[in-house]
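Listed below, chain by chain, are the residues.
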Amino acid sequence: MADFGEILRNIGEFGLFQKTILFALCFPNLILPFHFASVIFTQSDPERHCNTDWILKAAPNLTAEEQLNLTLPREEDGSFSRCQMFVPVDWDIHTIREYGLNETTRCMNGWVYGSMLYESTIVTDFDLVCDQAHLLGVAQTVLMAGILAGCLLLGPFAESFGRKRAAQIPVVLMVVFTVTTGLSPTYSLYLVSQFVVGIGYGGYRLNGVILSTEWIGVSKRSWGACITQLCAAIGQAILGGMIYFIRDWRLAQMVTAAPIAVIAFYIWFIPESARWLLDRGRTEEAKELIIKVAAINKRKVSDSLLEKIVIKETEQTGGILYLIQSPVLRKYFLTIILAWFSLNVTYFCLSLNVGNFGLDIFLTQALFGLSEVPAHIICIWLLEAVGRKVSLMSTLLMGGLLCMLILAVPQSNAIAVTALAIGGRILTNWAGSICNLYVQELFPTSFRQTASGLGSIASRVGGLLSPLLNMLAVYHWSIPIVVYSSLTILSGALCFLLPETRRTELPDSTREAEGNGKTQQNRQNDSNEDLQNKSTKL
(Lines give C-alpha, C1' and ligand atoms only; values in the text may rest on other atoms or scores of the structure.)
Protein backbone atom coordinates (compact mmCIF):
# COMPACT_ATOMS: atom_id res chain seq x y z
CA MET A 1 0.00 0.00 0.00
CA ALA A 2 1.23 3.54 -0.80
CA ASP A 3 1.72 5.67 2.27
CA PHE A 4 0.17 9.12 2.19
CA GLY A 5 3.57 10.82 2.06
CA GLU A 6 4.23 9.12 -1.29
CA ILE A 7 0.80 10.21 -2.52
CA LEU A 8 1.52 13.84 -1.59
CA ARG A 9 4.87 13.77 -3.36
CA ASN A 10 3.07 12.70 -6.53
CA ILE A 11 0.11 15.11 -6.39
CA GLY A 12 2.09 18.05 -4.94
CA GLU A 13 3.13 18.64 -1.32
CA PHE A 14 2.31 22.37 -1.36
CA GLY A 15 0.60 23.22 -4.61
CA LEU A 16 -2.30 25.53 -5.45
CA PHE A 17 -4.76 23.26 -3.64
CA GLN A 18 -2.79 23.25 -0.37
CA LYS A 19 -2.23 27.01 -0.50
CA THR A 20 -5.93 27.64 -1.11
CA ILE A 21 -7.16 25.37 1.65
CA LEU A 22 -4.53 26.74 4.05
CA PHE A 23 -5.71 30.30 3.41
CA ALA A 24 -9.38 29.31 3.72
CA LEU A 25 -8.79 27.53 7.03
CA CYS A 26 -6.44 30.19 8.46
CA PHE A 27 -8.56 33.23 7.58
CA PRO A 28 -11.04 32.59 10.45
CA ASN A 29 -8.14 32.99 12.87
CA LEU A 30 -8.06 36.69 11.96
CA ILE A 31 -11.56 36.97 13.43
CA LEU A 32 -11.47 34.55 16.38
CA PRO A 33 -9.57 36.96 18.70
CA PHE A 34 -12.53 39.36 18.45
CA HIS A 35 -14.47 37.00 20.73
CA PHE A 36 -12.37 38.26 23.63
CA ALA A 37 -13.55 41.84 23.05
CA SER A 38 -16.29 41.73 25.66
CA VAL A 39 -14.07 40.36 28.44
CA ILE A 40 -10.67 41.98 27.75
CA PHE A 41 -11.73 45.51 26.89
CA THR A 42 -13.59 46.34 30.09
CA GLN A 43 -12.95 48.78 32.89
CA SER A 44 -13.37 46.54 35.91
CA ASP A 45 -13.71 49.52 38.26
CA PRO A 46 -15.13 52.48 36.29
CA GLU A 47 -15.98 55.87 37.80
CA ARG A 48 -19.48 55.59 39.23
CA HIS A 49 -21.91 56.38 42.00
CA CYS A 50 -25.29 55.04 43.07
CA ASN A 51 -28.33 56.18 41.14
CA THR A 52 -30.13 58.51 43.59
CA ASP A 53 -32.76 60.04 41.33
CA TRP A 54 -35.34 59.25 44.00
CA ILE A 55 -34.62 62.65 45.59
CA LEU A 56 -35.65 64.48 42.41
CA LYS A 57 -39.25 63.71 43.28
CA ALA A 58 -38.86 65.99 46.29
CA ALA A 59 -36.82 68.64 44.45
CA PRO A 60 -36.70 68.36 40.62
CA ASN A 61 -34.49 71.43 40.28
CA LEU A 62 -31.53 70.15 42.33
CA THR A 63 -28.13 70.53 40.69
CA ALA A 64 -26.06 67.35 40.19
CA GLU A 65 -23.63 68.45 42.94
CA GLU A 66 -26.45 69.13 45.43
CA GLN A 67 -28.06 65.77 44.67
CA LEU A 68 -24.82 63.92 45.38
CA ASN A 69 -24.12 65.90 48.56
CA LEU A 70 -27.54 65.06 49.98
CA THR A 71 -27.78 61.39 48.95
CA LEU A 72 -24.27 59.90 49.05
CA PRO A 73 -21.91 59.32 51.99
CA ARG A 74 -18.25 60.24 51.59
CA GLU A 75 -15.16 58.07 51.87
CA GLU A 76 -12.23 58.85 54.16
CA ASP A 77 -10.46 60.71 51.36
CA GLY A 78 -13.48 62.97 50.87
CA SER A 79 -14.72 61.41 47.63
CA PHE A 80 -18.29 60.21 47.19
CA SER A 81 -18.89 56.53 47.92
CA ARG A 82 -18.97 54.33 44.83
CA CYS A 83 -20.97 51.49 46.37
CA GLN A 84 -23.09 53.06 49.13
CA MET A 85 -25.98 55.53 49.30
CA PHE A 86 -28.23 56.96 51.97
CA VAL A 87 -31.50 55.09 52.46
CA PRO A 88 -34.28 56.90 50.54
CA VAL A 89 -36.87 58.69 52.71
CA ASP A 90 -40.32 60.13 52.06
CA TRP A 91 -39.46 63.62 53.31
CA ASP A 92 -39.68 67.02 51.69
CA ILE A 93 -36.43 68.66 50.56
CA HIS A 94 -36.37 71.19 53.41
CA THR A 95 -36.48 68.42 56.04
CA ILE A 96 -33.73 66.50 54.25
CA ARG A 97 -31.52 69.60 54.15
CA GLU A 98 -32.21 70.45 57.78
CA TYR A 99 -31.68 67.04 59.36
CA GLY A 100 -29.66 65.26 56.71
CA LEU A 101 -29.57 61.49 56.02
CA ASN A 102 -27.47 59.06 58.06
CA GLU A 103 -28.53 55.47 57.39
CA THR A 104 -26.63 53.91 54.47
CA THR A 105 -27.29 50.95 52.20
CA ARG A 106 -25.86 49.46 49.04
CA CYS A 107 -26.96 50.88 45.69
CA MET A 108 -30.65 50.10 45.28
CA ASN A 109 -31.42 51.46 41.80
CA GLY A 110 -28.25 50.77 39.86
CA TRP A 111 -25.31 53.06 39.14
CA VAL A 112 -24.52 56.19 37.19
CA TYR A 113 -21.22 55.84 35.30
CA GLY A 114 -18.88 58.63 34.27
CA SER A 115 -15.44 59.25 32.70
CA MET A 116 -15.76 56.01 30.72
CA LEU A 117 -13.13 54.89 28.21
CA TYR A 118 -15.90 52.98 26.41
CA GLU A 119 -19.49 53.78 25.55
CA SER A 120 -20.74 50.45 26.87
CA THR A 121 -19.19 47.30 28.38
CA ILE A 122 -20.55 44.21 30.11
CA VAL A 123 -19.48 45.85 33.38
CA THR A 124 -21.77 48.84 32.87
CA ASP A 125 -24.62 46.99 31.13
CA PHE A 126 -24.85 44.26 33.79
CA ASP A 127 -23.54 46.34 36.74
CA LEU A 128 -20.58 44.05 37.48
CA VAL A 129 -19.26 46.34 40.22
CA CYS A 130 -18.97 46.45 44.02
CA ASP A 131 -20.19 43.09 45.41
CA GLN A 132 -20.73 41.85 41.83
CA ALA A 133 -17.25 42.77 40.57
CA HIS A 134 -16.06 39.15 40.78
CA LEU A 135 -18.53 38.26 38.02
CA LEU A 136 -16.20 39.82 35.44
CA GLY A 137 -13.65 37.10 36.24
CA VAL A 138 -16.49 34.57 36.01
CA ALA A 139 -17.28 35.80 32.48
CA GLN A 140 -13.66 35.30 31.45
CA THR A 141 -13.64 31.83 33.02
CA VAL A 142 -16.90 30.78 31.31
CA LEU A 143 -15.50 31.69 27.89
CA MET A 144 -12.38 29.63 28.64
CA ALA A 145 -14.56 26.77 29.90
CA GLY A 146 -16.43 26.83 26.58
CA ILE A 147 -13.14 26.64 24.66
CA LEU A 148 -12.18 23.66 26.81
CA ALA A 149 -15.54 21.98 26.16
CA GLY A 150 -15.11 22.56 22.41
CA CYS A 151 -11.83 20.66 22.43
CA LEU A 152 -13.32 17.92 24.61
CA LEU A 153 -16.40 17.42 22.40
CA LEU A 154 -15.12 18.10 18.89
CA GLY A 155 -11.75 16.34 19.16
CA PRO A 156 -13.21 12.80 19.42
CA PHE A 157 -16.04 13.89 17.08
CA ALA A 158 -13.46 14.47 14.34
CA GLU A 159 -12.07 10.93 14.71
CA SER A 160 -15.49 9.41 14.03
CA PHE A 161 -17.15 11.90 11.68
CA GLY A 162 -14.22 13.56 9.94
CA ARG A 163 -12.08 16.67 10.13
CA LYS A 164 -14.36 18.53 7.73
CA ARG A 165 -17.55 18.33 9.82
CA ALA A 166 -15.60 19.08 12.98
CA ALA A 167 -14.41 22.35 11.41
CA GLN A 168 -17.78 23.35 9.92
CA ILE A 169 -20.02 22.93 12.97
CA PRO A 170 -17.98 25.27 15.23
CA VAL A 171 -18.20 28.10 12.69
CA VAL A 172 -22.00 27.85 12.59
CA LEU A 173 -22.13 27.86 16.40
CA MET A 174 -19.96 30.99 16.51
CA VAL A 175 -22.16 32.88 14.06
CA VAL A 176 -25.41 32.15 15.90
CA PHE A 177 -24.16 32.69 19.43
CA THR A 178 -21.99 35.73 18.70
CA VAL A 179 -25.20 37.46 17.62
CA THR A 180 -27.00 36.07 20.68
CA THR A 181 -24.20 37.40 22.91
CA GLY A 182 -24.58 40.90 21.48
CA LEU A 183 -28.35 40.84 22.03
CA SER A 184 -28.26 39.32 25.53
CA PRO A 185 -30.59 41.26 27.86
CA THR A 186 -29.31 39.51 31.00
CA TYR A 187 -25.96 38.45 32.39
CA SER A 188 -27.10 34.80 32.61
CA LEU A 189 -27.95 34.62 28.89
CA TYR A 190 -24.67 36.37 28.13
CA LEU A 191 -22.76 33.63 29.99
CA VAL A 192 -24.62 30.84 28.18
CA SER A 193 -23.94 32.47 24.79
CA GLN A 194 -20.28 33.00 25.59
CA PHE A 195 -19.93 29.37 26.66
CA VAL A 196 -21.28 28.15 23.31
CA VAL A 197 -19.11 30.67 21.43
CA GLY A 198 -16.18 29.19 23.36
CA ILE A 199 -17.17 25.69 22.20
CA GLY A 200 -17.04 26.89 18.60
CA TYR A 201 -13.75 28.71 19.16
CA GLY A 202 -12.04 25.71 20.74
CA GLY A 203 -13.44 23.23 18.24
CA TYR A 204 -12.35 25.26 15.23
CA ARG A 205 -8.86 26.08 16.48
CA LEU A 206 -8.29 22.37 17.09
CA ASN A 207 -9.72 20.92 13.89
CA GLY A 208 -8.89 23.64 11.37
CA VAL A 209 -5.14 23.25 11.82
CA ILE A 210 -5.32 19.42 11.67
CA LEU A 211 -7.32 19.49 8.44
CA SER A 212 -4.86 21.81 6.72
CA THR A 213 -1.73 20.05 8.01
CA GLU A 214 -2.84 16.58 6.88
CA TRP A 215 -2.93 17.83 3.28
CA ILE A 216 0.59 19.35 3.40
CA GLY A 217 3.79 17.40 2.69
CA VAL A 218 6.86 17.05 4.90
CA SER A 219 8.76 19.99 3.41
CA LYS A 220 6.06 22.58 4.21
CA ARG A 221 4.20 21.00 7.12
CA SER A 222 5.30 23.70 9.57
CA TRP A 223 3.32 26.21 7.50
CA GLY A 224 0.04 24.65 8.61
CA ALA A 225 0.60 25.45 12.29
CA CYS A 226 2.59 28.67 11.95
CA ILE A 227 0.33 30.44 9.44
CA THR A 228 -2.62 29.65 11.71
CA GLN A 229 -0.87 31.38 14.61
CA LEU A 230 0.32 34.20 12.34
CA CYS A 231 -3.26 35.01 11.36
CA ALA A 232 -4.29 34.91 15.02
CA ALA A 233 -1.51 37.41 15.84
CA ILE A 234 -2.69 39.78 13.10
CA GLY A 235 -6.21 39.34 14.45
CA GLN A 236 -5.00 40.41 17.91
CA ALA A 237 -3.63 43.64 16.44
CA ILE A 238 -6.84 44.26 14.46
CA LEU A 239 -8.82 43.67 17.67
CA GLY A 240 -7.04 46.61 19.34
CA GLY A 241 -7.93 48.85 16.39
CA MET A 242 -11.52 47.65 16.25
CA ILE A 243 -12.18 48.40 19.91
CA TYR A 244 -10.48 51.78 19.56
CA PHE A 245 -13.08 52.80 16.98
CA ILE A 246 -16.01 50.67 18.21
CA ARG A 247 -16.38 51.26 21.94
CA ASP A 248 -19.75 49.59 22.36
CA TRP A 249 -19.32 45.88 23.16
CA ARG A 250 -22.69 44.92 21.64
CA LEU A 251 -21.82 46.56 18.32
CA ALA A 252 -18.42 44.83 18.45
CA GLN A 253 -20.22 41.47 18.66
CA MET A 254 -22.25 42.24 15.52
CA VAL A 255 -19.12 43.37 13.65
CA THR A 256 -17.47 40.08 14.69
CA ALA A 257 -20.44 38.01 13.51
CA ALA A 258 -20.47 39.49 9.97
CA PRO A 259 -17.19 37.98 8.65
CA ILE A 260 -17.84 34.71 10.50
CA ALA A 261 -21.11 34.46 8.55
CA VAL A 262 -19.08 34.66 5.32
CA ILE A 263 -16.76 31.94 6.63
CA ALA A 264 -19.78 29.78 7.55
CA PHE A 265 -20.81 29.90 3.87
CA TYR A 266 -17.54 28.90 2.22
CA ILE A 267 -16.47 26.41 4.91
CA TRP A 268 -19.01 23.91 3.50
CA PHE A 269 -16.93 23.63 0.32
CA ILE A 270 -13.77 22.59 2.18
CA PRO A 271 -12.79 18.98 1.24
CA GLU A 272 -12.29 16.20 3.76
CA SER A 273 -8.84 14.94 4.74
CA ALA A 274 -7.90 12.11 2.37
CA ARG A 275 -5.54 10.78 5.02
CA TRP A 276 -8.51 10.38 7.40
CA LEU A 277 -10.64 8.78 4.65
CA LEU A 278 -7.93 6.19 3.98
CA ASP A 279 -7.55 5.49 7.68
CA ARG A 280 -11.34 4.88 7.91
CA GLY A 281 -11.28 2.49 4.94
CA ARG A 282 -13.17 4.88 2.60
CA THR A 283 -10.70 4.28 -0.20
CA GLU A 284 -12.85 5.16 -3.21
CA GLU A 285 -13.74 8.57 -1.78
CA ALA A 286 -10.08 9.18 -1.02
CA LYS A 287 -9.06 8.21 -4.58
CA GLU A 288 -11.59 10.62 -6.13
CA LEU A 289 -10.36 13.40 -3.87
CA ILE A 290 -6.70 12.67 -4.64
CA ILE A 291 -7.40 12.81 -8.40
CA LYS A 292 -9.17 16.20 -7.99
CA VAL A 293 -6.32 17.61 -5.90
CA ALA A 294 -3.78 16.44 -8.47
CA ALA A 295 -5.76 18.19 -11.21
CA ILE A 296 -5.86 21.45 -9.21
CA ASN A 297 -2.09 21.19 -8.67
CA LYS A 298 -1.66 20.43 -12.39
CA ARG A 299 -0.24 17.01 -11.65
CA LYS A 300 -1.23 13.61 -13.01
CA VAL A 301 -1.79 10.63 -10.75
CA SER A 302 -0.27 7.47 -12.21
CA ASP A 303 -2.41 4.35 -12.44
CA SER A 304 0.28 2.43 -10.58
CA LEU A 305 -0.06 4.78 -7.61
CA LEU A 306 -3.85 4.44 -7.58
CA GLU A 307 -3.48 0.67 -7.63
CA LYS A 308 -1.32 0.87 -4.52
CA ILE A 309 -4.12 2.64 -2.63
CA VAL A 310 -5.94 -0.31 -1.15
CA ILE A 311 -8.27 -0.69 1.78
CA LYS A 312 -6.22 -0.42 4.94
CA GLU A 313 -6.74 -2.90 7.70
CA THR A 314 -8.13 -1.22 10.77
CA GLU A 315 -5.44 -1.00 13.38
CA GLN A 316 -6.45 -2.21 16.81
CA THR A 317 -4.89 0.52 18.87
CA GLY A 318 -7.38 1.08 21.66
CA GLY A 319 -7.23 4.84 21.12
CA ILE A 320 -6.51 6.69 24.34
CA LEU A 321 -5.98 3.35 26.11
CA TYR A 322 -2.98 2.71 23.91
CA LEU A 323 -1.57 6.10 24.88
CA ILE A 324 -1.74 4.99 28.50
CA GLN A 325 -0.41 1.47 27.87
CA SER A 326 2.53 2.46 25.65
CA PRO A 327 5.42 3.74 27.83
CA VAL A 328 6.93 5.62 24.87
CA LEU A 329 3.77 7.38 23.70
CA ARG A 330 2.70 8.01 27.30
CA LYS A 331 5.98 9.84 27.95
CA TYR A 332 5.58 11.93 24.81
CA PHE A 333 1.96 12.71 25.61
CA LEU A 334 2.46 13.80 29.22
CA THR A 335 5.43 15.96 28.24
CA ILE A 336 3.66 17.73 25.40
CA ILE A 337 0.43 18.38 27.33
CA LEU A 338 2.37 19.84 30.27
CA ALA A 339 4.12 22.20 27.84
CA TRP A 340 0.81 23.12 26.20
CA PHE A 341 -0.88 23.65 29.59
CA SER A 342 1.95 25.83 30.91
CA LEU A 343 2.28 28.08 27.87
CA ASN A 344 -1.48 28.73 27.80
CA VAL A 345 -1.56 29.62 31.49
CA THR A 346 1.17 32.18 30.80
CA TYR A 347 -0.28 33.43 27.51
CA PHE A 348 -3.77 34.07 28.85
CA CYS A 349 -2.61 35.46 32.20
CA LEU A 350 -0.73 38.08 30.20
CA SER A 351 -3.54 38.59 27.64
CA LEU A 352 -6.35 39.00 30.17
CA ASN A 353 -4.19 41.42 32.16
CA VAL A 354 -3.65 43.69 29.15
CA GLY A 355 -5.19 46.73 30.85
CA ASN A 356 -2.94 46.58 33.92
CA PHE A 357 0.54 47.05 32.46
CA GLY A 358 0.45 50.84 32.72
CA LEU A 359 0.43 51.81 29.02
CA ASP A 360 -2.57 52.67 26.84
CA ILE A 361 -4.70 49.52 26.53
CA PHE A 362 -5.22 49.90 22.75
CA LEU A 363 -1.52 50.41 22.12
CA THR A 364 -0.60 47.45 24.33
CA GLN A 365 -3.08 45.17 22.53
CA ALA A 366 -1.81 46.26 19.11
CA LEU A 367 1.80 45.67 20.22
CA PHE A 368 0.81 42.24 21.54
CA GLY A 369 -0.46 41.25 18.11
CA LEU A 370 2.02 43.00 15.81
CA SER A 371 5.05 41.81 17.77
CA GLU A 372 3.99 38.19 17.21
CA VAL A 373 3.85 38.51 13.41
CA PRO A 374 7.61 38.40 12.74
CA ALA A 375 7.97 35.73 15.42
CA HIS A 376 5.66 33.34 13.56
CA ILE A 377 7.35 34.07 10.23
CA ILE A 378 10.72 33.24 11.79
CA CYS A 379 9.16 30.16 13.41
CA ILE A 380 8.45 28.61 9.98
CA TRP A 381 12.15 28.85 9.09
CA LEU A 382 13.42 27.90 12.55
CA LEU A 383 11.35 24.71 12.75
CA GLU A 384 13.07 23.45 9.62
CA ALA A 385 16.52 24.82 10.49
CA VAL A 386 16.94 23.59 14.09
CA GLY A 387 13.99 21.24 14.51
CA ARG A 388 10.95 20.94 16.76
CA LYS A 389 12.65 19.86 19.99
CA VAL A 390 15.20 22.67 20.26
CA SER A 391 12.61 25.24 19.16
CA LEU A 392 10.08 24.18 21.82
CA MET A 393 12.62 23.98 24.62
CA SER A 394 14.17 27.37 23.84
CA THR A 395 10.88 29.26 23.48
CA LEU A 396 9.46 27.90 26.74
CA LEU A 397 12.63 28.46 28.75
CA MET A 398 13.22 31.99 27.43
CA GLY A 399 9.53 32.91 27.70
CA GLY A 400 9.42 31.77 31.34
CA LEU A 401 12.61 33.67 32.17
CA LEU A 402 11.32 36.91 30.61
CA CYS A 403 8.12 36.65 32.65
CA MET A 404 10.15 35.96 35.79
CA LEU A 405 12.17 39.12 35.12
CA ILE A 406 8.97 41.16 35.58
CA LEU A 407 9.49 40.57 39.31
CA ALA A 408 12.82 42.42 39.15
CA VAL A 409 11.37 45.54 37.48
CA PRO A 410 9.60 48.29 39.47
CA GLN A 411 5.89 48.15 38.70
CA SER A 412 5.93 51.90 38.12
CA ASN A 413 8.14 51.35 35.06
CA ALA A 414 5.28 50.65 32.64
CA ILE A 415 7.47 50.49 29.52
CA ALA A 416 9.83 47.84 30.95
CA VAL A 417 6.97 45.75 32.38
CA THR A 418 5.05 45.90 29.08
CA ALA A 419 8.19 45.01 27.07
CA LEU A 420 8.87 41.93 29.23
CA ALA A 421 5.20 40.91 29.08
CA ILE A 422 5.17 41.24 25.28
CA GLY A 423 8.39 39.23 25.04
CA GLY A 424 7.01 36.46 27.25
CA ARG A 425 3.73 36.42 25.35
CA ILE A 426 5.50 36.22 21.97
CA LEU A 427 7.62 33.27 23.03
CA THR A 428 4.76 31.33 24.64
CA ASN A 429 2.58 31.94 21.60
CA TRP A 430 5.47 30.78 19.44
CA ALA A 431 5.71 27.63 21.57
CA GLY A 432 1.97 27.11 20.96
CA SER A 433 2.59 26.96 17.20
CA ILE A 434 5.26 24.32 17.76
CA CYS A 435 2.99 22.25 20.02
CA ASN A 436 0.22 22.35 17.38
CA LEU A 437 2.61 20.81 14.87
CA TYR A 438 4.60 18.60 17.23
CA VAL A 439 1.59 16.73 18.61
CA GLN A 440 0.54 15.74 15.10
CA GLU A 441 3.99 14.36 14.28
CA LEU A 442 4.26 12.34 17.49
CA PHE A 443 1.07 10.28 17.19
CA PRO A 444 -0.43 8.05 14.46
CA THR A 445 -3.39 8.88 12.22
CA SER A 446 -5.69 6.45 14.04
CA PHE A 447 -5.70 8.60 17.18
CA ARG A 448 -3.85 11.75 16.10
CA GLN A 449 -7.01 13.82 16.50
CA THR A 450 -7.68 12.31 19.93
CA ALA A 451 -4.14 13.11 21.08
CA SER A 452 -4.39 16.61 19.62
CA GLY A 453 -7.78 17.06 21.26
CA LEU A 454 -6.54 15.94 24.66
CA GLY A 455 -3.47 18.16 24.33
CA SER A 456 -5.68 21.06 23.35
CA ILE A 457 -7.95 20.30 26.31
CA ALA A 458 -4.94 20.55 28.62
CA SER A 459 -4.05 23.88 27.02
CA ARG A 460 -7.61 25.15 27.48
CA VAL A 461 -7.57 24.09 31.12
CA GLY A 462 -4.59 26.44 31.36
CA GLY A 463 -6.67 29.18 29.76
CA LEU A 464 -9.56 28.38 32.09
CA LEU A 465 -7.38 28.68 35.18
CA SER A 466 -5.63 31.88 34.07
CA PRO A 467 -8.40 34.32 35.18
CA LEU A 468 -8.50 32.56 38.55
CA LEU A 469 -4.71 32.72 38.84
CA ASN A 470 -4.79 36.44 38.05
CA MET A 471 -7.25 36.89 40.93
CA LEU A 472 -4.51 35.81 43.37
CA ALA A 473 -2.88 39.18 42.71
CA VAL A 474 -5.20 40.64 45.38
CA TYR A 475 -3.00 38.89 47.97
CA HIS A 476 0.26 39.95 46.27
CA TRP A 477 0.86 41.13 42.71
CA SER A 478 3.79 38.71 42.26
CA ILE A 479 1.91 35.44 42.96
CA PRO A 480 0.50 34.88 39.41
CA ILE A 481 3.87 35.77 37.83
CA VAL A 482 5.81 33.32 40.00
CA VAL A 483 3.34 30.49 39.30
CA TYR A 484 3.07 30.78 35.51
CA SER A 485 6.76 31.58 34.99
CA SER A 486 7.85 28.55 37.01
CA LEU A 487 5.45 26.25 35.14
CA THR A 488 6.77 27.43 31.77
CA ILE A 489 10.43 26.97 32.74
CA LEU A 490 9.76 23.48 34.16
CA SER A 491 7.85 22.30 31.09
CA GLY A 492 10.57 23.67 28.82
CA ALA A 493 13.22 21.63 30.64
CA LEU A 494 11.11 18.44 30.42
CA CYS A 495 10.81 18.79 26.63
CA PHE A 496 14.30 17.28 26.49
CA LEU A 497 12.44 13.92 26.72
CA LEU A 498 10.78 14.41 23.32
CA PRO A 499 12.21 13.04 20.04
CA GLU A 500 13.04 15.16 17.00
CA THR A 501 10.44 14.80 14.20
CA ARG A 502 11.78 17.25 11.63
CA ARG A 503 11.48 16.03 8.04
CA THR A 504 9.76 12.77 8.99
CA GLU A 505 6.44 11.55 7.61
CA LEU A 506 3.36 11.72 9.80
CA PRO A 507 3.15 8.27 11.43
CA ASP A 508 0.24 6.13 10.22
CA SER A 509 0.71 3.33 12.77
CA THR A 510 1.56 3.06 16.44
CA ARG A 511 4.80 1.26 15.58
CA GLU A 512 5.91 4.21 13.44
CA ALA A 513 4.96 6.63 16.22
CA GLU A 514 6.92 4.69 18.84
CA GLY A 515 9.88 4.64 16.45
CA ASN A 516 10.04 8.46 16.37
CA GLY A 517 12.57 8.39 19.18
CA LYS A 518 14.98 6.11 17.35
CA THR A 519 18.02 7.36 15.54
CA GLN A 520 18.09 7.39 11.76
CA GLN A 521 20.49 4.40 11.82
CA ASN A 522 18.13 2.39 14.01
CA ARG A 523 15.25 3.19 11.67
CA GLN A 524 17.31 2.01 8.72
CA ASN A 525 18.17 -1.21 10.58
CA ASP A 526 14.50 -1.79 11.33
CA SER A 527 13.68 -1.19 7.69
CA ASN A 528 16.34 -3.68 6.55
CA GLU A 529 15.06 -6.22 9.07
CA ASP A 530 11.52 -5.85 7.73
CA LEU A 531 12.77 -6.39 4.17
CA GLN A 532 14.66 -9.54 5.22
CA ASN A 533 11.56 -10.90 6.96
CA LYS A 534 9.47 -10.29 3.85
CA SER A 535 12.10 -12.01 1.66
CA THR A 536 12.13 -15.01 3.99
CA LYS A 537 8.36 -15.31 3.79
CA LEU A 538 8.49 -15.17 0.00
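In case you missed it, the structure is sitting above this.
Residues numbered from 1 in each chain as written. Predicted model: local features only at pLDDT ≥ 70, side-chain atom pairs only at ≥ 80, totals over all residues. Heavy atoms only, no water.

(A) Fine view of the nonpolar core. Counting 150 residues, the largest nonpolar core has I11, F36, I122, Y190, W215, I243 and L392 as its most contacted members. Excluding residues that lie within four positions of it along the chain, I122 makes contacts with S38, V39, T42, D127, L128, L136, A139, Y190 and W249. (Core = buried A, V, L, I, M, F, W, Y, C linked by side-chain atoms within 4.5 Å. Buried < 20%, exposed > 50% of the residue type's maximum accessible area, 1.4 Å probe, protein only. Contact = heavy atoms within 4.5 Å.)

(B) Here's a closer look at a nonpolar patch on the surface. Taken together, the side chains of V172, V176, F265, W268 and F269 present a nonpolar region at the surface, about 540 Å² in accessible area. Positionally, V172 belongs in helix α9 (residues 163-183). By relative accessible area, which is 34% here, V172 ends up partly exposed. (Patch = residues over 30% accessible without salt bridge, like charges linked within 9 Å, V, L, I, M, F, W, Y side chains within 5 Å. Areas by Shrake-Rupley, 256 points an atom, 1.4 Å probe, with all protein chains shown as cover. Salt bridge = Lys/Arg side-chain N within 4 Å of Asp/Glu carboxyl O. Helix = DSSP H or I, 4+ residues; strand = E, 2+ residues; numbered from the N terminus.)

(C) The side chain of S81, seen in detail. Along the polypeptide, S81 turns up in the loop between α5 (64-71) and β2 (84-86). Within the structure, the side chain of S81 is placed 3.3 Å from the backbone nitrogen of C83, a separation counted as a polar contact. Beyond its immediate sequence surroundings of up to four residues, S81 is in contact with H49, L72, P73, R74 and E75. (Polar contact = N/O pair within 3.5 Å; in protein donor to acceptor, adjacent residues only side chain to side chain.)

(D) Spotlight on the state of the cysteines. According to the stated counting rule, one finds 2 disulfides in the structure shown. Here C50 engages in a disulfide with C107; their sulfurs sit 1.7 Å apart. Negative torsions about the S-S bond denote left-handed disulfides, and the value of about -65° found for C50 with C107 makes this one left-handed. Here the residue C50 occupies a position in strand β1 (residues 47-50), and C107 occupies one in the loop between β3 (104-106) and β4 (111-114), the gap between them amounting to 57 residues. Between the sulfur atoms of C83 and its disulfide mate C130 the distance is 1.9 Å. Between C83 and C130, the S-S dihedral sits near -90°, and the bridge is therefore left-handed. In this pair, C83 sits in the loop between α5 and β2 while C130 sits in the loop between α7 (122-125) and α8 (134-161), placing the two residues 47 residues apart along the sequence. For C130, a relative accessible area of 22% gives the class partly exposed. Assigning the bonded cysteines of the protein consecutive numbers by sequence position, one obtains the connectivity 1-3, 2-4. Unpaired in this structure, C349 has its nearest cysteine sulfur neighbour in C403, at a distance of 9.3 Å. A relative accessible area of 1% places C349 in the buried class. (Disulfide = S-S within 2.5 Å.)

Read these as geometric descriptors, not functional statements.
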